[in-house]
Structure formats: C-alpha cells, structure tokens
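Below, each chain spelled out in residue letters.
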Amino acid sequence: MKMRYFTFFSILVLLSILITSCTDDDDNDVILYECPDCEVDGIIPAEDDVLPYLEVPLRDDPKVIILMYHNLVYGRTGSIYHRDIYNFEHDLAYLRKNFKIIDFYDLEKINKGESSLNSDAAIITFDDGDLSVYHLAFPLLKKYNFKATFFIVSSLVSKETGYVNWEHLQEMVDYKNSDSLNLFTIGSHTATHAALGDLSIDEVRTELTVSKADISSELGITCDLIALPYGSGSDNSDIQNVIREVGYKASRTSEYSVITEFPTDMFLLPGNNIENYSNDVFVQNMQFWLGRN
Ligand SMILES: [Zn+2]
C-alpha cells in the first residue's frame, strides 16, 4: 500500500511542476496566436490588450531598417509574398525587444536633426493593400503599439475582391493609441501597380498624380509617401524628378539595405522584402542585415 501512495504522490508532484513551468513562461505569454482566452475569433487579441514598450539595446551606431511585407495568411504557402501570421507575430515580438519602431516622418525628423536615435530602429511597411492588412496586420500592430505604413494601389481599393476598401483605410488612418498618437499612414504604390521604368514620363506622372490625389481626397489626408512597384524607376533620374515635382516627400525602393548614415536620401530609401520563411530565419536575416549578433 505504501508504494501505491508514494507513486500517486509522485505523479501529483510531477504534474504540479509541469503545470507551473508552463504558466510561468514569459516568452510564451507574449504570443497570443491561437490564444483560447482571446475575445475575437480565438486568435486576434482584444483591442485593449496593448503590450507596453520594452527597453531595447542602446547603440553608438544606430541603424534603421525598412521592412517590406505584403500579405498575411494562415499557414505556409508557396508564395514569397504570403507571410504566415504565426511567424509574423513572432517577428513583432522580436522587433519589440530589439528595435524602436518609427515611421517615415520620424526618419525625416532624424534627417533634419530634430530628433536623434540611440537604438536601432525599424520601419514597418506593407505593399499592395491586400485585405489581410486590415483583418490580420491592423489588430496585431495595435496590440504591439507599432507604427506602420500601408502602400496601396489606388485603382484596386473598393473595387477588386481581396483588397481593402476606403472604409478600412479610413479606420486605420483615424486610429489613435492611448497616447492619442496616430500609428498608421497610407502611401501610394501607384494607381495600377505599374513598373514605372517601363512607362513614358507622361504615364509615370499620371500614375503618381492620380494615386496621390485619390488617396488624399478619399481619406482626407496628404499622401506624400510612395513605394515603387518592383522598385522600378529608382535608378531613373527623370522618374525621380517627377516623384519630387508632384509633391512626394519620400520614396521607398526594393533594395536590400540598411540606413547607417544620417541624413539619408529620402527618395532612395531601401525596402527589405520579408519572405515566407520561418521566424528564426527572419531573425538570422535581421542580424545579418544589421551586422548585429
Ligand atoms: Zn507591389
């Protein structure tokens, strides 16, 4: 009998150790993917569940990286533009521990010497205006209290299935965090997702002016950021001149690079495409791109 009591007691102790070790894991607590306690659809957390900012490593040589995402999906796919939401949230958790999240306007202030960086910083961007930016990225970015810029193809908005509509974008533009700070910016990704380098200069001007005007009038904002589809036109001085002439303040290319010197050229900003690899590859790439361990 004594042996049976001992076995029963041992199992109880083992079970309590297991349960305690599961619930005390801080890192796992950050990730709410497939969270059974979450209020919306069991996956995306409630809006008031905003994570506080963490202290990030201080740097004598701060660098800025611009991340380029496209669509978010559930589960792996064959397309390099479809990032699985599980890996995406782990990207955000990694960024939270290592980077200050800024936007293009913050970068402009750093350029002008109106503010300074004492840590590495990241700018989060999404291209194309896929519907997942509203349904999946928007709630997660609110949870992490991260700024982001969405470059949309103006002719697809409210017209093409699978893309955002103007009401989605208005809600994102109007959103303010608990510090009354707007987190989200809408920029142009041209009117028709044209490779500008393949167009006449008049066609380039039309792509740039029509998308800028539509975004500005539909959302009641000034659209002054552009991301070049395929990075096309970044090496063409005529196109670069038109981008300035029609009133854009910054232009993002598709070049894999990190900003290490300030002021930087706001019309040749890099864009590091984040593909559908797992989060540990993302972290390795970030360390490689930044030159950090
Ligand atoms: Zn695109």
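These numbers come from a predicted model, not from an experiment.

Before going further, it helps to spend a moment on the overall build of the protein. Helix and strand content of the protein: nine helices and ten strands. Across the 293 residues that make up the protein, the buried fraction comes to 34%. Here the analysis covers contacts within the protein between residues at least 6 apart in sequence; of these, 66% occur between residues at least 24 apart.

Moving on to the pairing of strand β5 (residues 121-128). Within β5, eight of the eight residues are buried, which leaves it mostly tucked inside the rest of the structure. Pairing of strand β1 (residues 64-69) with β5, which is carried by six bridges, proceeds in the parallel orientation. In the strand pairing of β5, L67 is matched with I124. Bridge count for strand β4 (residues 100-102) against β5 is three bridges, and the pairing is parallel.

Attention now moves to the nonpolar core. L67, A122, I123 and F150 are the most contacted members of the largest nonpolar core, which totals 61 residues. Looking at this core, the element that brings in the most residues is helix α5 (residues 132-144), giving seven residues. Sequence-distant contacts of I123, defined by excluding residues within four places in its chain, comprise V64, I66, L67, I102, D103, F104 and L107.

Burial analysis of β1 places six of its six residues in the buried class, the great majority of the element. Neither face of β1 is left uncovered, since the one carrying V64, I66 and M68 and the one carrying I65, L67 and Y69 both have all their residues buried. Pairing analysis gives two bridges linking β1 to strand β10 (residues 272-273), with the strands arranged parallel. By the bridge assignment, M68 is partnered in β10 with N273.

Looking now at the confidence of the model for the protein. Across the protein, pLDDT averages 88, with 84% of residues at or above 70. Per-residue pLDDT stays below 50 along residues 17-43; that stretch engages in 20 contacts with residues further than four places along the chain or on separate chains.

Let us look at helix α9 (residues 279-290). The end-to-end C-alpha distance of α9, which contains twelve residues, comes to 16 Å, matching closely the 16 Å that a straight helix rising 1.5 Å per residue would cover. Among the residues trailing α9, G291 stands out with phi positive, at a value near 70°.

Quick look at the packing of helix α3 (residues 85-98) against α5 now. Here α3 crosses α5 at 25°, and the two axes come no closer than 11 Å. Taken as axis vectors, α3 and α5 run roughly parallel relative to one another. Handedness of the crossing formed by α3 with α5: right-handed. Touching I85, E89, L92 and R96 of α3 are L136, L140 and Y144, all from α5.

Helical geometry note: an α-helix holds 3.6 residues per turn, so side chains three or four residues apart project in the same direction. Between its first and last C-alpha, α3 extends 20 Å over 14 residues, near the 20 Å set by a 1.5 Å rise per residue. Within α3, burial applies to F88, E89, D91, L92 and L95. Axial view of α3: buried residues confined to an arc of 150°, hence all on one face. Against the buried residues of α3 lie β2 (71-73), β3 (82-84), β4, β5, α5 and α9.

With that settled, consider unusual backbone geometry. The omega angle of the peptide bond from F262 to P263 is 5°, so this bond is cis rather than trans. Within the secondary structure layout, P263 lies in the loop between β9 (250-252) and β10. Here the phi dihedral of N145 falls at roughly 60°; this positive angle occurs in a residue that is not glycine. The residue N145 is located in the loop between α5 and β6 (148-152) in this model. C-beta crowding within 10 Å serves as the criterion here: with 17 such atoms nearby, N145 is assigned to the partly exposed category.

A separate point is the environment of G162. Here G162 shows up in the loop between β6 and α6 (166-174). Separated by 33 residues in the primary sequence, G162 and G129 place their C-alpha atoms 8.9 Å from one another. Residues within four places of G162 in sequence aside, it is in contact with D130 and L131.

Structurally, F146 is set in the loop between α5 and β6. Of the residues examined, F146 has 23 C-beta atoms within 10 Å and is grouped as buried. Each residue touching F146, except ones within four places of it in the same chain, is listed here: L92, I101, I124, L141 and L183.

Reading the values: rules and limits
- Residues numbered from 1 in each chain as written.
- Predicted model: local features only at pLDDT ≥ 70, side-chain atom pairs only at ≥ 80, totals over all residues.
- Helix = DSSP H or I, 4+ residues; strand = E, 2+ residues; numbered from the N terminus.
- Buried ≥ 20, exposed ≤ 12 C-beta atoms within 10 Å, placed from the backbone.
- Contact = placed C-beta atoms within 7 Å.
- Pairing = 2+ DSSP bridges.
- Core = buried A, V, L, I, M, F, W, Y, C linked by C-beta atoms within 7 Å.
- pLDDT = per-residue confidence, 0-100.
- Expected span 1.5 Å × (residues − 1).
- Axes fitted to C-alpha atoms, helices over the stretch in contact; angles between N-to-C directions.
- Parallel < 35°, antiparallel > 145°, perpendicular 65-115°, else oblique.
- Left-handed = near helix turned anticlockwise from the far one by under 90°.
- Arc of directions from axis to C-beta.

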